[in-house]
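Spelled out from the first residue to the last, the chains are:
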Amino acid sequence: MYGIPIPRYALVNREVPCQELDYFVEEEDFVEVHGNRFWKPFVEKPVDGDDHSIMIYYPSSAGGGMKELFRKVGNRSSEFHPEVRRVRREGSYIYEEFMPTGGTDVKVYTVGPEYAHAEARKSPVVDGVVMRNPDGKEVRYPVLLTPTEKQMARDVCLAFRQAVCGFDLLRCEGRSYVCDVNGWSFVKNSHKYYDDAACVLRKMFIDAKAPHLSSTIPPTLPWKVNEPLQPSEGLTRQGSGIIGTFGQSEELRCVITIIRHGDRTPKQKVKLKVTEEKLLNLMLKYNGGRPRSETKLKSAVQLQDLLDATRMLVPRTRPGRESDSEAEDLEHAEKLRQVKAVLEEGGHFSGIYRKVQLKPLKWVKVPKSNGEGEEERPAEALMVLKYGGVLTHAGRKQAEELGRYFRNNMYPGEGTGLLRLHSTYRHDLKIYSSDEGRVQMSAAAFAKGLLDLEGQLTPILVSLVSKDSSMLDGLDNASIEMEEAKARLNEIITSGAKNHTNGSSDVPWMTDGGGLPSNASELLPKLVKLTKKVTEQVRLLAKDEDENLSETSSFDVIPPYDQAKALGKTNIDVDRIAAGLPCGSEGFLLMFARWRKLERDLYNERKDRFDITQIPDVYDSCKYDLLHNAHLNLEGLDELFKVAQLLADGVIPNEYGINPKQKLKIGSKIARRLLGKILIDLRNTREEAISVAELKSNQDQDSVSAKSGKEDADYHSKPHNKNEDTRRSSTTSEKSMDQDDDDDKEPQYRLDPKYANVKTPERHVRTRLYFTSESHIHSLMNVLRYCNLDDSLLGEDSLVCDNALERLYRTKELDYMSYIVLRMFENTEVALEDPKRFRIEMTFSRGADLSPLEKNDSEATSLHQEHTLPINGPERLQEVGSYLTLEKMEKMIRPFAMPAEDFPPPSTPQGFSGYFSKSALVLERLVNLWPFHKHANANGK
């Protein structure tokens, strides 16, 4: 009625418990009310306002489950229930669209329509742990409101005719929404708010009962007039560690990190042509009955249907088709058995880990069911099942440990610096992930360690991680160049050419195929022989398991849902290992299928041809089984690993370019959007820092010139209108400030310096974390080290020093949890216009790049017992004492990055609007100073 934005919602009203309603429909991943569909995650609230049992239901793609929110009990405000999938039916409920707010709740309190006070706290949807101060009170900090949010507070106050009230403010995708309005709500434990409320209420009373006295009453409380200002602490300086200092005036402003996912199971794919009626009908069922359209099966219901059909077909040969040979029939039956085993694995269906594609290949004409004419039906289809690639218990542990390492080492403050910054809303954190499940879960586990969170990963994932597949997924843009690189690589290896050997040049990484072993062609037959040896051993183990399984019914009930298997286990399968079974949920049948496929694809005996693209997969399987299945004692596996590693160390880096120029071309195509986003992150940080510095300088000048105190009296002349000055000064830019910002519409929270009991409220650090796969790590690294080889940058030095180039050449693998870090520092003693005002520091880590055969010390032995490998610490990409300015960084990266104009237009982040008194000027300068256009040359002209 009043135009106040609220989340999209629908009401389900039941007169009696469990009443069936024809307008209410519930499916696996959504509910529908009167045709209005709410996809998970969604919120379920009792209609009764006194019932505070609120539920949030999560999608199967994030692991599923439900989180219950309730009034605080001790230090808990919510509990996660992984087994609950269905909504409640015993009462009447409101269903609301879930608003991702970056893990933060904002509470707004009004005292009359002209005063609003906002405080932020950690949202209970993250981990349910209540943050409390030493007095036992919940930790909250005052934050700034945008002009639009201030108007919303006024509208709520007037609409409810409730002068003193409170409500929740949800900031989501650049917009704000109101929910849960409560009458007569006061802030707790904020003396400044108490003073303001007293002044506002006093004036309201006097205006109502004694208006003639209103102008004679002082606007502030008598004992507050001469109150001394709280002293500020010195700025926290850069900490010790691997990074040198450049004077005590440097402040960390930004941390940008690109991280590969953690340890995973090997990725697998099964392809088979199917003619079975049950499978063809299933394809028609889920593609809308269109005989020439393909379909993808991801949901639990769809995969259960496929499993039911496959179970009926596994014991049989293919009906209705004459086999070309008995061997072909046996292979088809084996593949169906593999599909069945994959679908039964772990007892949990999830689109994150298992996906099936059915694509029609042949069609026939059949009579219509009503006898009138004919219709087309599929006669054969290609089924492709993708599975595996699941984050292991080791991968989850690696990600959490790395998050803790970042918390303690990447930020000033000796371990507590980041948590203090984050809890006081001086830390702007955004986490992005590709669409792959292992990458998403790595991001959630890292966030858990970084922010010292507790509990399951699903709520953390949904609350804190944003998916951006266009920026962090896919190789399509460089597919042609990568195929060319692989063809040239195959030519070098199979020809036995010697001109690529190490040491053939002062800069060996400049030669074609640099890093390949000189005897690569001689290693290939050995690789094939050892692969066959391991496969045969696994075949015998699978045969025993298959005989045992054949004695049981193929229609046995699937084991109960296991959340740990869905999200990456936290512990090792001790019982399975003791029983001599493979670690994890992979049985011997699937393990054999994995190795058999590698054996067949690696070498074609009939054509006497090696497929070198299978070398990374052989290496991947060796490393996985040495780490997780060493107890199976597969003879020759360690020797196979050594041979595969020698070849993979040369093949993998060269798949992204056979020489530096090709690496640069491929890298810029794959990481183009990510590079553009990184430049925008750096630019936004710089513009924000400059604006804060200018504002502080102006404030210092004003305080010196204001001798009579008249300005202060004018400012406080209307205490009931606390934000009026901001509202007035922001009018010219209010439209711009409330637009979607260029940070992908993510919510921002800014500490209110006037009301915060924080010694350095102006201090602010921006963190951007990008979780991705191996391809993007290699691509980004190749651009950083070879960007100076571009024609537009000839004569420029590389961003990476010679010593680091040599180390990178010797670093064959950017393993699980490898990362690249860009940290930006501001030297506050240097003029704003000086290029040395902002410095970039680059480091990288090889990740868990340690051979599972290394057991030289007690730490390695302990980690092997836990089936995990340690993550290497960061290494410099620059010489000690070198100085890389932001200006040089932009110049070198800009030719390979997506232009800024292809991203959302820049505007002031919404949390800053009350902080900058010259918002319009800031915006104008932010737009005009950025020479980042599609037609810009290397100098930005």
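Keep in mind that what you see is a predicted model, and the values were worked out from it rather than measured. (Residues numbered from 1 in each chain as written. Predicted model: local features only at pLDDT ≥ 70, side-chain atom pairs only at ≥ 80, totals over all residues. Heavy atoms only, no water.)

## Let's talk about the overall build of the protein
Within the protein, the regular secondary structure consists of 27 helices and 28 strands. Scored against the burial criterion, the 941 residues of the protein give a buried share of 55%. Partitioning the intrachain contacts of the protein with sequence separation of at least 6 by distance along the chain shows that 75% fall at a separation of at least 24. As displayed, the protein offers around 41900 Å² of accessible surface, 49% of which is attributable to carbon and sulfur atoms. (Helix = DSSP H or I, 4+ residues; strand = E, 2+ residues; numbered from the N terminus. Buried < 20%, exposed > 50% of the residue type's maximum accessible area, 1.4 Å probe, protein only. Contact = heavy atoms within 4.5 Å. Areas by Shrake-Rupley, 256 points an atom, 1.4 Å probe, with all protein chains shown as cover.)

## So, helix α18 (residues 660-670)
Along an α-helix, residues three or four positions apart point the same way, because every turn accommodates 3.6 residues. Across the 11 residues that make up α18, a large majority, eight, are buried. Within α18 the residues assigned to the buried category are P660, Q662, K663, L664, I666, G667, S668 and I670.

## Describing helix α2 (residues 191-209)
Look at α2: 27 Å from first C-alpha to last across 19 residues, which is about the 27 Å you get at 1.5 Å a residue. By the burial criterion, the buried members of α2 are Y193, D195, D196, A197, C199, V200, L201 and I206. Looking at the buried residues of α2, the elements they touch are β10 (104-111), β11 (116-122) and β13 (164-172). (Expected span 1.5 Å × (residues − 1).)

## Examining the sheet that holds strand β17 (residues 295-297)
Sheet architecture is open: four strands sit in the order β16-β19-β18-β17, paired in antiparallel fashion. Across the chains shown, the open sheet's two edge strands, defined by having one partner strand only, are β16 (267-274) and β17. When strand polarity is set aside, the average angle formed by the axes of neighbouring strands in this sheet is 25°. Against the sheet, helix α3 (residues 277-286) touches β16, β17, β18 (355-367) and β19 (374-388), its axis set at about 90° to β19. (Pairing = 2+ DSSP bridges. Axes fitted to C-alpha atoms, helices over the stretch in contact; angles between N-to-C directions.)

## Concerning the pattern of salt bridges
Applying the stated rule across the entire model yields 68 salt bridges. In this structure, R171 engages E149 in a salt bridge whose closest nitrogen and oxygen atoms are separated by 2.8 Å. Placement of the pair is R171 in strand β13 and E149 in helix α1 (residues 147-159), with a sequence separation of 22 residues. Each member of the pair, R171 as well as E149, carries the same accessibility label: buried. With its nearest N and O atoms 2.9 Å apart, the salt bridge here joins R264 to D620. Linking R264 in the loop between β15 (250-260) and β16 with D620 in helix α16 (residues 615-628), this pair joins segments that are 356 residues apart in sequence. Like R264, the residue D620 is buried in the burial classification. Each of K72, D105, R121, E138 and R140 takes part in salt bridges that share partners, so that together they form one network. (Salt bridge = Lys/Arg side-chain N within 4 Å of Asp/Glu carboxyl O.)

## Considering the environment of R132
With respect to the helices and strands, R132 occurs in the loop between β11 and β12 (141-142). Assessed through its relative accessible area of 36%, R132 is described here as partly exposed. R132 sits 57 residues away from N75 along the chain, and the two C-alpha atoms are 7.9 Å apart. Among the polar contacts listed, one links the side chain of R132 to the backbone oxygen of G136, at a separation of 2.9 Å. (Polar contact = N/O pair within 3.5 Å; in protein donor to acceptor, adjacent residues only side chain to side chain.)

## Details of empty space enclosed by the protein
As enumerated under the stated definition, the model contains six cavities of 30 Å³ or more in all. Along the walls of the second largest cavity sit 20 residues, with P653, K663, R785, L808 and Y809 positioned nearest its centre. Where the lining of the second largest cavity is concerned, the elements lending two or more residues are α17 (637-655), α23 (774-786) and α24 (802-810). A per-element tally of the lining of the second largest cavity places α23 first, with five residues. In terms of residue class, the lining of the second largest cavity is built from eight nonpolar, eight polar and four charged. (1 Å grid on protein atoms, 1.4 Å probe; cavity = no way out; pocket = protein on both sides within 12 Å on 5 of 7 lines; lining within 4 Å. Points joined across faces, edges and corners; volume = space filled by probe spheres on them. Nonpolar A, V, L, I, M, F, W, Y, C, P; charged D, E, K, R; others polar.)

## Considering the packing of aromatic side chains
Scanning the model with the defined rule gives 15 aromatic pairs in all. When the ring of W509 is compared with that of Y809, the centres are 5.9 Å apart and the planes differ by 50°; the resulting orientation is tilted. Pair noted here: W509 is in the loop between α11 (479-495) and α12 (520-550) and Y809 is in helix α24, with a separation of 300 residues, a long-range link. Judged by relative accessible area, Y809 falls into the buried class, the value being 11%. Residue placement shows R14 over the ring face of F24; its charged tip is 5.4 Å from the ring centre. If you follow R37 out to its NZ or CZ, it ends over the ring of F30, 3.9 Å from the centre. (Phe/Tyr/Trp six-rings, centres within 6.5 Å; stacked < 30°, edge-to-face > 60°. Lys NZ or Arg CZ within 6 Å of the ring centre and 35° of its normal.)

## Brief notes about a positive patch on the surface
A cluster of basic side chains, namely K269, K271, K296, K298 and K386, defines a positive patch on the protein surface. You can see K271 is positioned in strand β16. (Patch = residues over 30% accessible without salt bridge, like charges linked within 9 Å, V, L, I, M, F, W, Y side chains within 5 Å. Lys, Arg positive; Asp, Glu negative; His and termini not counted. Charge placed at Lys NZ, Arg CZ, Asp CG, Glu CD.)

## With respect to the sheet that holds β13
With antiparallel pairing, five strands are arranged side by side in an open sheet as β12-β11-β10-β13-β14. Among the strands making up the open sheet, the edge pair consists of β12 and β14 (175-183).

## A closer look at unusual backbone geometry
In this structure, P41 follows K40 across a cis peptide bond, with omega equal to 5°. Phi angles above zero are rare outside glycine, and R161 is one such case at about 55°. Inspection of the secondary structure assignment puts R161 in the loop between α1 and β13. Backbone geometry at H867 places phi at a positive 60°, although glycine is not the residue there. Its location among the elements puts H867 in the loop between α25 (858-865) and β27 (875-876).

## Some details on the pairing of strand β8 (residues 76-81)
When strand β7 (residues 66-73) meets β8, the two strands line up antiparallel, connected through five bridges. Residue pairing in the sheet places L69 in a bridge with S78 of β8. Hairpin connection from β7 to β8: two residues lie between these consecutive antiparallel strands, with G74 at a positive phi of about 65°.

## Description of the packing of helix α15 (residues 588-602) against α16
It is at 10 Å that the axes of α15 and α16 come closest, and there the two elements cross at 150°. As the angle between them shows, α15 and α16 are arranged roughly antiparallel. Crossing hand, α15 versus α16: left-handed. Facing M591, R594, W595, L598 and L602 of α15, the residues of α16 in contact are D617, V618, S621, C622, Y624 and D625. (Parallel < 35°, antiparallel > 145°, perpendicular 65-115°, else oblique. Left-handed = near helix turned anticlockwise from the far one by under 90°.)

## Quick word on the nonpolar core
In a soluble, globular protein the nonpolar side chains are often hidden away together inside. Counting 49 residues, the largest nonpolar core has L799, M842, M889 and I893 as its most contacted members. Grouped together as the second largest cluster of nonpolar side chains are 48 residues, V43, L450, L769 and F825 included. (Core = buried A, V, L, I, M, F, W, Y, C linked by side-chain atoms within 4.5 Å.)

## A few points about the packing of α11 against α18
The N-to-C vectors of α11 and α18 enclose an angle of 150°; their axes lie 9 Å apart at closest approach. Put simply, α11 runs roughly antiparallel to α18. In this structure, α11 meets α18 at a crossing whose hand is left-handed. For the pair α11 and α18, contact is made by E481, M482, E484 and A485 and by Q662, K665, I666, K669 and I670, respectively. Of the residues contributing to the contact of α11 with α18, the split by class is four nonpolar, one polar and four charged.

## Structural notes on the environment of S521
Within the fold, S521 resides in helix α12. Accessibility expressed as a relative area gives 27% for S521, which makes it partly exposed. Once the C-alpha coordinates of S521 and I493 are considered, the two residues, 28 residues apart in sequence, prove to be 5.4 Å apart. With near-sequence residues (within four places) excluded, S521 lies in contact with I493 and G496.

## Re the confidence of the model for the protein
On average, residues of the protein score 82 in pLDDT, and 80% of them are at 70 or above. Note on residues 499-504: pLDDT is under 50 here. Beyond four places in sequence and across chains, it has 16 contacts. The low-confidence segment residues 707-744, where pLDDT is below 50, has 80 contacts with residues more than four positions distant or belonging to other chains. (pLDDT = per-residue confidence, 0-100.)

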